[in-house]
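Structural overview for review
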Protein chains: 2
Amino acid sequence: MSVKLAVLGHGVVGSGVVELFYKNKKSIEKRAGTEMDIKYILDLRDFPDSPFRDKFTKDFNDILNDDEVTAVAECMGGVEPAFTFVKSCLEKGKSVSTSNKELVAEKGDILLETAKAHNCNFFFEASVGGAIPIIRPLHKCLAANDIDKVAGILNGTTNFILTKMHDDSMAFADALSLAQKLGYAEKDPTADIEGHDACRKICIISSLVFGKHVYPKDVYTKGITDLELCDVDSAEVLGCAIRLIASVSKTADGKILPTVMPTLIPFENIMSGVSDVFNAVMVYADGVDKTMFYGRGAGKLPTASAVLGDVIETVKHTDTEVSQTWEAATDNSFIASVDEYRSRWYFRVPADKAPDAEGTYTSDAGTSFITDDVLSFKEAGEKAAQLGAMAFMPVMD
Amino acid sequence: MSVKLAVLGHGVVGSGVVELFYKNKKSIEKRAGTEMDIKYILDLRDFPDSPFRDKFTKDFNDILNDDEVTAVAECMGGVEPAFTFVKSCLEKGKSVSTSNKELVAEKGDILLETAKAHNCNFFFEASVGGAIPIIRPLHKCLAANDIDKVAGILNGTTNFILTKMHDDSMAFADALSLAQKLGYAEKDPTADIEGHDACRKICIISSLVFGKHVYPKDVYTKGITDLELCDVDSAEVLGCAIRLIASVSKTADGKILPTVMPTLIPFENIMSGVSDVFNAVMVYADGVDKTMFYGRGAGKLPTASAVLGDVIETVKHTDTEVSQTWEAATDNSFIASVDEYRSRWYFRVPADKAPDAEGTYTSDAGTSFITDDVLSFKEAGEKAAQLGAMAFMPVMD
């Protein structure tokens, strides 16, 4: 019997899913242990020249009411109508794999519960880190671990901009223009450069790792729009690269602290070598110590690879619910305040306010240094005010 | 009902499995969806002071004949008696997870077939890359990909030695002594420094990725014992780190080419930043482009983490065979000769034989350079003979 699939959306990711599926159909079927085919592609647009034109439909009900369709790949993006479509599919027992981080960050708890109630699966490997296997390793391969912290470079656009600022001394605005020209940044780049995209992804990771739904609105999020080239240069002299780091860690009082902030990474840390549009996620846990996952965080085929990996898993486990679930969050009291975020800190201050110590770097833009001590965000903010700092940022261990 | 486990061997890894299991028992049971306990620990030695002394047995038959035991962690090492024990367990329908790379590299095909025939699982995540999730991501998360190549730093001991040679300009013999002093290298370090350990691991990866059992004897393996400090220094001037790379790639004629060789890695490549005892595996495939997995390749709790991740998976899938299998190899005609290995090459030659070109580096030890052209191993060997080269090594892309 051949398993019938439907793909919702024929944009970059959706068309990639169709392309990669037919390219590797034979080996995919071998790995899934069954014949498979794509029966429907949902899109409101017309694709008269597509070799798959017979599969297109504009009516979601064609898919929903076709009992032959048992697995669905959702690649539309946005919360609605994706949420309504995905929920309806799960209620009919059709498993869904999605690349839609907004959907998972806002509605993951509800969809996981719906999947569980209807004995099917809701998978979302593609929603974080694109091609990088991270969701399944986190909840399967590292299942014996108590995870303390996850920290990642989860947005390729900002990482490309930061790489250009670092390697080619481009100003932020110029690097952004280049990213737009190369198609790495949207016309409206707000979601990337203000950190909202990375925030959604760390919400998904936080929910998965710590078992309770974390909403984007509860996450302290600072993007890279204020970042000045002089800080990138100073950081380099001090032995660090600056990257936009999304992280979540357990605090001493049993809460969790998810944040998104530009962060200095010492060159000894392998994450400092994550350049261009690549993403990486470091997991800190009691068994493994630390382990990192690296790869392309976006793009047509990389994201399609993750969606299809989930589809194959879902086809191998028809009528079994194997996805990890997390609880709905009734309030946000389990999320710690950013004031409690602890690290060493980078400061740039007026030269006459600089501490009299080794390891400072002075240029026209002021004096930069990294504290020896670990301070809380609150303490660092107080110190910044006291020194009249022009910039301060956390430094990764 | 509580699932009963047995752990074969109470050395470094086996004792780590017991320790990590009881440390995180509550969350492990939650993830497995059932209560679990370790009923037996097999070891010929006595552990009168162990808090688990009531669980020890010296008779494997206690475990084999106890129908209550459904999952076994094999952490003894070596081919025998591990092979006999594991095969007997699988024949009784007990799933086995192992950290034993020798066992998988020599007998993986037979054990996978036995598991399949008896509807249970043979898992071996811990046999490659210690804590690093690589086996499951390769055959699950990347299941939609056509994999072209896998290249990794798979031996922590040699990576520690190479890091010390590079960072601290220590000679090979001194770095080896330090590794032994710190417990990173065995008294008899042959298996590590001659590349045999890395060879076993690339055999397992090759078998898994390309579907046919690859034996260590069919893999061209060169360790790091001949490596001179002057080559490490020259490589750095030329913009590269030297690492022991185990790789396998598809050749143009449909064969596969597994090798283990000291290799230059350009600093732009993130693998050049893998230092000390850490391991990393880069996977090149049509969907993901490239994706890397990084972490501790050995050690008590890191390896235990991987063994227990497999045990949890096996407990979640009792009476279902979900492991990836590969075919037995009737001959080695599917393995290409190392002569066909293609890359750019590093040469160190007498100064008067050096090519008249930019990008060479001359010291007392001769002149070093990297070819612009890609050459086969055979061509590089001919060129080395012609130039009277003192050293030549491949350069990673």
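Residues numbered from 1 in each chain as written. Chains lettered and ligands numbered in written order. Predicted model: local features only at pLDDT ≥ 70, side-chain atom pairs only at ≥ 80, totals over all residues. Heavy atoms only, no water.

**Overview of the pairing of strand β7 (residues 147–153) of chain A**
All names here are of chain A.
- Of all 7 residues making up β7, 5 are buried, and the element is well covered by its neighbours.
- Of the pairings in the sheet, the one linking β7 to strand β9 (residues 240–250) comprises 4 bridges and is antiparallel in character. Considered in β9, the bridge of A151 is made with S247. (Buried < 20%, exposed > 50% of the residue type's maximum accessible area, 1.4 Å probe, protein only. Helix = DSSP H or I, 4+ residues; strand = E, 2+ residues; numbered from the N terminus. Pairing = 2+ DSSP bridges.)

**Section: the relation of the copies chain A and chain B**
- The two copies are related by a screw operation: chain A maps onto chain B through 180° of rotation and 0.0 Å of translation along the axis, at an RMSD of 0.0 Å. Such values leave the two copies arranged in the relation of a two-fold axis. If distances are taken from each C-alpha of chain A to the rotation axis, the shortest is found for A:F293, at 2.4 Å.
- Counting the interface residues of chain A, we find that 100% of their copies in chain B are interface residues as well, pointing to one common contact surface. (Least-squares fit on C-alpha atoms with pLDDT ≥ 70 in both. Contact = heavy atoms within 4.5 Å.)

**Observations concerning the environment of B:D310**
Residues and elements named next belong to chain B.
- Residue placement: D310 occurs in helix α12 (residues 300–316).
- Between the C-alpha atoms of D310 and E125, which are 185 residues apart in sequence, the distance is 6.8 Å.
- Residues in contact with D310, not counting those within four places in the same chain, are S97, F123, F124, E125, A126 and R136.

**Structural notes on the sheet that holds strand β2 (residues 36–42) of chain B**
Residues and elements named next belong to chain B.
- Reading across from one edge, β3-β2-β1-β4-β5-β6 is the order of the 6 strands in this open sheet, with parallel pairing throughout. For this open sheet the edge positions go to β3 (56–57) and β6 (122–123), each flanked by a neighbour on one side alone.
- Sheet topology places β2 next to β3; 2 bridges connect them, and they run parallel. Residue pairing for β3: L42 is matched across the bridge by T57.
- Where helix α1 (residues 12–23) meets the sheet, it contacts β1 (3–8) and β2, and its direction lies at approximately 160° from that of β2. (Axes fitted to C-alpha atoms, helices over the stretch in contact; angles between N-to-C directions.)

**Some points on the sheet that holds strand β5 (residues 95–98) of chain A**
- If you trace the 6 strands from one edge of the open sheet to the other, you get β3-β2-β1-β4-β5-β6 (chain A), paired in parallel fashion. On the outer flanks of this sheet lie β3 (56–57) and β6 (122–123) of chain A, each paired with one strand and no other.

Coordinates in, geometry out; function isn't part of it.
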